[in-house]
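Here's the letter readout for the chains.
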Amino acid sequence: MAQMERDAEREERITMEIVVDAYGPEEQAMGWYYYLQDTMQFPFTAVCISKRRISPVKEEATVEVVGMAPEEECEQEMFVEIAWDDDTLAVPLIQLEAPEADAETQQAIADWHYWVNQGYEFG
């Protein structure tokens, strides 16, 4: 993905709030996991903005995000659970935007998108 322009405010939030005191990839992943879980207000409606081979959600599809996927699913990237055919399905958060969600949820999603688009990785 193309690298975004550096955002000093977002960098500060990520460094000082999300991955603060994280000394390895597992701790960084859990920092992100708990930040997203605590910040996003579930459920919310989201729109798929990109196709992923690991996800059946198509671009421009609208989904209901009902929570974070289990921790063990989020060790490499962040996944959220969506309502899917009378069940739930974990999909990558990077696929989604939530233009009608509250400001905190939108900011948390944008923070994750920024992290990924900057090319940052756990580790």
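See the structure printed just above.
Residues numbered from 1 in each chain as written. Predicted model: local features only at pLDDT ≥ 70, side-chain atom pairs only at ≥ 80, totals over all residues. Heavy atoms only, no water.

Where helix 1 (residues 8-18) contacts helix 3 (residues 103-117), the axes come no closer than 11 Å and their chain directions differ by 100°. Between helix 1 and helix 3, the crossing angle belongs to the class labelled roughly perpendicular. Along the contact surface, helix 1 presents Arg10, Glu11, Arg13, Ile14 and Ile18, while helix 3 presents Gln107, Ala110, Asp111, Tyr114 and Trp115. Each residue belonging to the contact of helix 1 with helix 3 can be placed in one class, and the counts come to five nonpolar, one polar and four charged. (Axes fitted to C-alpha atoms, helices over the stretch in contact; angles between N-to-C directions. Helix = DSSP H or I, 4+ residues; strand = E, 2+ residues; numbered from the N terminus. Parallel < 35°, antiparallel > 145°, perpendicular 65-115°, else oblique. Contact = heavy atoms within 4.5 Å. Nonpolar A, V, L, I, M, F, W, Y, C, P; charged D, E, K, R; others polar.)

Turning next to the side chain of arginine 10. Relative to the assigned elements, arginine 10 resides in helix 1. Residue class for arginine 10 comes out buried when judged on its relative accessible area of 17%. Arginine 10 has contacts with Gln107, Ala110, Asp111 and Tyr114, leaving out every residue within four places of it along the chain. (Buried < 20%, exposed > 50% of the residue type's maximum accessible area, 1.4 Å probe, protein only.)

All right, on to a negative patch on the surface then. A contiguous patch of negative charge on the surface is contributed by Asp21, Glu26, Glu27, Glu71, Glu72, Glu73 and Glu75. Assignment of secondary structure puts glutamate 71 in the loop between strand 2 (62-68) and strand 3 (79-84). Residue glutamate 71 is classed as partly exposed on the basis of its relative accessible area of 33%. (Patch = residues over 30% accessible without salt bridge, like charges linked within 9 Å, V, L, I, M, F, W, Y side chains within 5 Å. Areas by Shrake-Rupley, 256 points an atom, 1.4 Å probe, with all protein chains shown as cover. Salt bridge = Lys/Arg side-chain N within 4 Å of Asp/Glu carboxyl O. Lys, Arg positive; Asp, Glu negative; His and termini not counted. Charge placed at Lys NZ, Arg CZ, Asp CG, Glu CD.)

Moving on, we get to the environment of asparagine 117. Structurally, the position occupied by asparagine 117 is in helix 3. Judged by relative accessible area, which is 15%, asparagine 117 ranks as buried. Separated by 23 residues in the primary sequence, asparagine 117 and isoleucine 94 have C-alpha atoms spaced 9.3 Å apart.

Moving on, we come to the packing of aromatic side chains. In this structure the tally under the stated criterion is eight aromatic pairs. Plain terms: the ring middles of tryptophan 32 and tryptophan 115 are 5.4 Å apart, the flat faces sit at 65° to each other, and that makes the pair edge-to-face. Taken as a pair, tryptophan 32 in helix 2 (residues 25-39) and tryptophan 115 in helix 3 lie far apart in primary sequence, 83 residues in all. As far as burial versus exposure is concerned, tryptophan 32 and tryptophan 115 are alike and both buried. Through a chain of ring-to-ring contacts, the aromatic side chains of Trp32, Tyr35, Trp112, Trp115, Tyr120 and Phe122 assemble into a single cluster. (Phe/Tyr/Trp six-rings, centres within 6.5 Å; stacked < 30°, edge-to-face > 60°.)

Before going further, it helps to spend a moment on the sheet that holds strand 4 (residues 87-92). One open sheet accounts for five strands, arranged 4-3-2-1-5; its pairing is antiparallel. The open sheet terminates on both sides in strands that have one partner only, identified here as strand 4 and strand 5 (96-97). With six bridges connecting them, strand 3 and strand 4 associate as antiparallel partners. Note on strand 4: the bridge partner recorded for phenylalanine 79 is proline 92. (Pairing = 2+ DSSP bridges.)

Among the nonpolar cores identified, the biggest contains 36 residues, and Trp32, Leu36, Met40 and Met78 are the most heavily contacted of them. Broken down by element, the residue count for this core peaks at six residues, all from helix 2. (Core = buried A, V, L, I, M, F, W, Y, C linked by side-chain atoms within 4.5 Å.)

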